[in-house]
2 protein chains.
Amino acid sequence: MAFKVAIAERSPFTLHNIPFGVISTEADPQPRCATAIGGFALDLPLYWKQVSAGEVEGVAASSEQLHRIFAEPCLNSFAALPATERSGVRAHLIEALRSNAVPEACLLPLDKVRMHLPMKIGGYSDFFCSLEHCQNCSRMTGGVKENFYHAPSVYNGRASSVIPSPTPVRRPKGVMWDTGKGSGQPIYGPSRKLDFELEMGYFVSKPIAFGETMRIEDAREHVFGFVLLNDWSSRDVQAFEMPPLGPFHSKGFGTSISPWIVTLDALGPFACEPKHDHSATEFEHLRWNDRPTGTFDISLVASLVRKKSSHRLTVSNLRYLYWTPYQQLAHHASAGCGLATGDLLGSGTISGDREGELGCLFEATLDGTTPIQFEDGESLAYLEDGDEIVLEGWCGEGEARIGFGECRGVLLPATM
Amino acid sequence: MAFKVAIAERSPFTLHNIPFGVISTEADPQPRCATAIGGFALDLPLYWKQVSAGEVEGVAASSEQLHRIFAEPCLNSFAALPATERSGVRAHLIEALRSNAVPEACLLPLDKVRMHLPMKIGGYSDFFCSLEHCQNCSRMTGGVKENFYHAPSVYNGRASSVIPSPTPVRRPKGVMWDTGKGSGQPIYGPSRKLDFELEMGYFVSKPIAFGETMRIEDAREHVFGFVLLNDWSSRDVQAFEMPPLGPFHSKGFGTSISPWIVTLDALGPFACEPKHDHSATEFEHLRWNDRPTGTFDISLVASLVRKKSSHRLTVSNLRYLYWTPYQQLAHHASAGCGLATGDLLGSGTISGDREGELGCLFEATLDGTTPIQFEDGESLAYLEDGDEIVLEGWCGEGEARIGFGECRGVLLPATM
């Protein structure tokens, strides 16, 4: 029986969105692919099994093939299809939902599904590409490095620690300096400076073979879509371990992502110029000439939930990044390291230049020295056990609005 | 028909060794698991199909199960077996070879097999744990950081760029400073300072779940075995990109490993004290109390092959490391990042304190300023296109000697 989906006014999952994720249910604990529409998850293998015995217009893959692809416990096979195929599938789903041609049995209430990691992630890299974030942090750590202006700065993260919202994160133990200021005596124990970072992440679709590079004008072909990303950070462990090899345990204890991947197709209408224009000084392999589509206008918000009260911590926007995701990807591919379908790239913390636009507590509280005061008397220097961070993101307003949903995570106390 | 294997006097692959690797042949291009004995690879799925229909003494897995495990294109399933199972399999193979009970059809000449990556590698981490290497490098980069003495220093590498010997490596292009000294104007082009690093690598057997840690006294259970590892490095790209996030492209264009994994069982007789005793100042979670077995006495050599001449560049030993592999693993596990079967950990460059014991050219030529002069008139500042680096490693002498074979790689010119 076909089903008309009612979509609430502020739902992130409208007919303009059609994000992709991986779900399971109590009745069917086998993870499989889905899209979200209003308050429902559309079970995609079930849909292609029940409805479309025939071919899908504009899609070379048969319904049987699509059934198999979506029955997998990750979206890697779907993301590896040519972009035109993926666009055709999305267009078909929009039309099927618009015309109420989706059987009711395929639609599962979102509050009854469990979300899984959407992709099997082989590599996870995280950038450092917001000039404002870099300037704010560098005030406390010795100034902006000149290399920032010439190429996107990036390190390898740990794919094993990427987790889907709302998985909790545990405060790590680590080695740090007892003063917390990068000096004093080394001690080992639970981190005392637990921070979040407001980022976005994007997944690789078409792979780049080891030894090969990518032209920046082809970058779109290699991006499947975007998620929200919280790069939980331990600032005291980070201060200890950074020289000279960069962050490791200070980032590797948990990286949360929102579970629904919003595709480039859905983001297309929100393409825009980045805030910073530095094209005149860019190396050719990092220069994006197809203006004005260099990045996306994606509004971002981070909030703290403590004792059931929600406090807005920051607002920001993807377009604030000094180096855009396409430039990041071109840089990543430029030395032949190879990128596989399902690899995750983190945008880096996204800060703006106005009050209330600071993407982490290290910036917003000056390394915990100037706590944020909330109206209810609570204050925040660094995160306390039980604090929950919620990231949200959306594009546009009114009818055309699409959203990312939430990226949540509660901080658990360190183990004994 | 059973076959007596003649083992040449200097063969690394004696009955005391029994390393594990993944092979394919022209006749059967499907990668599958093998061991090496003398000049032969023993095709393990074929062996367990043809010979041992019954049970293997002391091993719970049936011959049919072993056949399936070894028919996989990687050793992950075998490495995930309990250590006692793996030891039982190895003991069985030694006895079968000793008693000439291995059918001739299972033994393939090593020069006719192609070697593959032995494991499916999810995560690759690389350490910086040789005090002498750190001191030598730091003379040119601003002194040893105090944190070196309190915990093993480590960064996430890129698993996608780990390649089996003798795969060639291509000189990468990257952004660097035109003076090559971390200053001047930024330029983009082929790296001019191509280096090798003499390291060892070791693979994780028993996994550590995300959020869990490991007691150092249990470290042995989590190590499958060791390989030689050449951490090819681009020193000019590294000088550009290191501040503040550490190495990325300067390491991510290729990491070569020797293809045969030498197990902890084989290395057991060569367990020894590390060169540096700093147990009095160690944090408890990094302290190894089961002396004198903290590390292994593994002799290492790096050579340059140019114009068909071989030049010895360095000799070293795993026991020179300030932080041992067990300490590295305990540190890696201490913040809950999770470690999977097949994860690769690099020991970091291993240098000694004597002449001829410097593990990379950055040290040995003082960043290319004092080239090494060879007797035939050739000299070496950094690597030239066409240069080949060969790493070798072995334990013991005479009857009991075991070896790792070679880790080779030729440097190809940068792409146009």
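Residues numbered from 1 in each chain as written. Chains lettered and ligands numbered in written order. Predicted model: local features only at pLDDT ≥ 70, side-chain atom pairs only at ≥ 80, totals over all residues. Heavy atoms only, no water.

**Description of the overall build of chain A**
Helix and strand counts for chain A come out as nine helices and 26 strands. Since a compact globule built from 416 residues should have a radius of gyration of about 22 Å, the 21 Å found for chain A is in line with a globular shape. For chain A, the C-alpha atoms occupy an extent of roughly 70 × 50 × 35 Å along the three principal directions. The long-range share in chain A, meaning contacts at least 24 apart out of those at least 6 apart in sequence, stands at 72%. As presented, chain A carries roughly 15,700 Å² of accessible surface, and 53% of it is formed by carbon and sulfur atoms. (Helix = DSSP H or I, 4+ residues; strand = E, 2+ residues; numbered from the N terminus. Rg over C-alpha atoms; globule rule 2.2 N^0.38 Å. Contact = heavy atoms within 4.5 Å. Areas by Shrake-Rupley, 256 points an atom, 1.4 Å probe, with all protein chains shown as cover.)

**Notes on the relation of the copies chain A and chain B**
Rotating chain A by 180° about the axis while translating it 0.0 Å along that axis superimposes it on chain B, leaving an RMSD of 0.0 Å. Such a combination of rotation and displacement between the chain copies is what one expects of a two-fold axis. Considering only C-alpha atoms, the part of chain A nearest the rotation axis is Gly246 of chain A, at 2.2 Å. Both copies present the same face, since 100% of the interface residues in chain A are matched by interface residues at the equivalent positions in chain B. (Least-squares fit on C-alpha atoms with pLDDT ≥ 70 in both.)

**Quick look at the sheet that holds strand β1 (residues 20-25) of chain A**
Residues and elements named next belong to chain A. Strand order in the open sheet made by the five strands is β4-β3-β2-β1-β5, with antiparallel pairing throughout. Unpaired on one side and paired on the other, β4 (107-109) and β5 (113-116) mark the two borders of the sheet. Neighbour-to-neighbour, the strand axes of the sheet open up by a mean angle of 50°, direction not taken into account. Note: β1 against β5, four bridges, orientation antiparallel. By the bridge assignment, Thr25 is partnered in β5 with Val113. (Pairing = 2+ DSSP bridges. Axes fitted to C-alpha atoms, helices over the stretch in contact; angles between N-to-C directions.)

**Focus on helix α8 (residues 325-333) of chain A**
Most of α8 of chain A sits out of view: nine of its nine residues are buried. Three or more residues of α8 of chain A are buried, namely Pro325, Tyr326, Gln327, Gln328, Leu329, Ala330, His331, His332 and Ala333 of chain A. (Buried < 20%, exposed > 50% of the residue type's maximum accessible area, 1.4 Å probe, protein only.)

**Remarks on the UniProt feature "binding site: substrate" (unreviewed entry) in chain A**
Under the UniProt annotation, the feature "binding site: substrate" (unreviewed entry) is placed at Phe128, Gln238 and Thr349 of chain A. Looking at the secondary structure, you find Phe128 of chain A in strand β6 (residues 124-128). Setting aside residues no more than four positions away along its own chain, Phe128 of chain A makes contact with His133, Cys134, Phe148, Ser153 and Gly348 of chain A together with Pro244 and Leu245 of chain B. By the secondary structure assignment, Thr349 of chain A is in the loop between β22 (344-346) and α9 (361-364). With a relative accessible area of 2%, Thr349 of chain A lands in the buried category. What Thr349 of chain A contacts, discounting residues up to four positions off in sequence, is Ser130, His133, Glu197, Leu198, Glu199, Leu321, Gly359, Cys360 and Glu363 of chain A. Separated by 3.0 Å, the side chains of Thr349 of chain A and Glu197 of chain A make a polar contact. (UniProt positions renumbered as here; feature names shortened; annotations may be inferred. Polar contact = N/O pair within 3.5 Å; in protein donor to acceptor, adjacent residues only side chain to side chain.)

**Some details on the UniProt feature "active site" (unreviewed entry) in chain A**
Residue and element names in this part refer to chain A. The UniProt feature table records "active site" (unreviewed entry) at His133. Inspection of the secondary structure assignment puts His133 in helix α5 (residues 131-141). Excluding anything up to four places from it in sequence, His133 contacts Phe128, Glu197, Thr349, Ser351, Cys360 and Glu363.

**Regarding the interface of chain A and chain B**
Contacts between the two partners involve 49 residues from chain A and, on the opposite side, 49 residues from chain B. When chain A packs against chain B, close to 4,600 Å² is buried across both sides, 65% of that on carbon and sulfur atoms. Remark: the boundary between chain A and chain B carries two salt bridges. Where Asp343 of chain B meets Arg158 of chain A, a salt bridge forms, and the shortest distance between an N and an O atom there is 2.8 Å. Our count for the contact surface shared by chain A and chain B stands at 16 residue pairs in polar contact (both at pLDDT 80 or more). At the level of elements, β6, β7 (153-156), β10 (173-177), β11 (186-190), α6 (235-241) and α8 of chain A are the ones that each hand at least two residues to the side of chain A that touches chain B. In terms of residue count, the dominant contributor to the side of chain A that touches chain B is β7 of chain A (four residues). Here the side of chain A that touches chain B is composed, by residue class, of 24 nonpolar, 19 polar and six charged. (Buried area = accessible area lost by both parts, 1.4 Å probe. Salt bridge = Lys/Arg side-chain N within 4 Å of Asp/Glu carboxyl O. Nonpolar A, V, L, I, M, F, W, Y, C, P; charged D, E, K, R; others polar.)

**Concerning the packing of aromatic side chains**
Scanning all chains against the criterion turns up 38 aromatic pairs over all chains. Ring plane angle 70° and centroid distance 5.8 Å describe the contact between Phe226 of chain B and Phe296 of chain B, whose orientation is recorded as edge-to-face. Of this pair, Phe226 of chain B sits in strand β14 (residues 223-230) while Phe296 of chain B sits in strand β19 (residues 295-296), placing them 70 residues apart in sequence. The same class applies to Phe226 of chain B as to Phe296 of chain B, namely buried. An aromatic cluster is present here, built from Phe20, Tyr47, Trp48, Phe70, Phe78 and Phe224 of chain A joined pairwise through their rings. Over the face of the ring belonging to Tyr320 of chain A we find Lys275 of chain A, whose NZ or CZ atom lies 4.8 Å from the ring centre. (Phe/Tyr/Trp six-rings, centres within 6.5 Å; stacked < 30°, edge-to-face > 60°. Lys NZ or Arg CZ within 6 Å of the ring centre and 35° of its normal.)

**Things to note about the environment of Pro168 of chain B**
Residues and elements named next belong to chain B. Here Pro168 lies in the loop between β8 (162-164) and β9 (169-170). Given the relative accessible area of 38%, Pro168 is considered partly exposed. A sequence separation of 58 residues divides Pro168 from Leu110, and the C-alpha atoms of the two residues are 19 Å apart. With residues near it in sequence (within four places) discarded, Pro168 still touches Ile163, Val410 and Leu412.

**Here we look at the domain arrangement of chain A**
Residues and elements named next belong to chain A. Along its sequence, chain A is organised into domain 1 (20-116) and domain 2 (124-412). The straight-line distance from the C-alpha centre of domain 1 to that of domain 2 is 29 Å. Taken together, the contacts link 18 residues of domain 1 with 15 residues of domain 2. Here domain 1 and domain 2 share an interface that buries about 1,200 Å² over both sides, 64% of which is from carbon and sulfur atoms. Interface area lost by domain 1 to domain 2 is led by Phe20, Arg90 and Met115, which between them contribute 41%. The tally of links from domain 1 across to domain 2 stands at zero salt bridges. Here domain 1 and domain 2 share three residue pairs in polar contact (both at pLDDT 80 or more) between them. When contributions to the side of domain 1 that touches domain 2 are tallied by element, the ones reaching two or more residues are β1, β2 (32-37), α3 (76-80), α4 (83-98) and β5. Top contributing element to the side of domain 1 that touches domain 2 by residue count: α3, with four residues. (Domains from an automatic or database assignment.)

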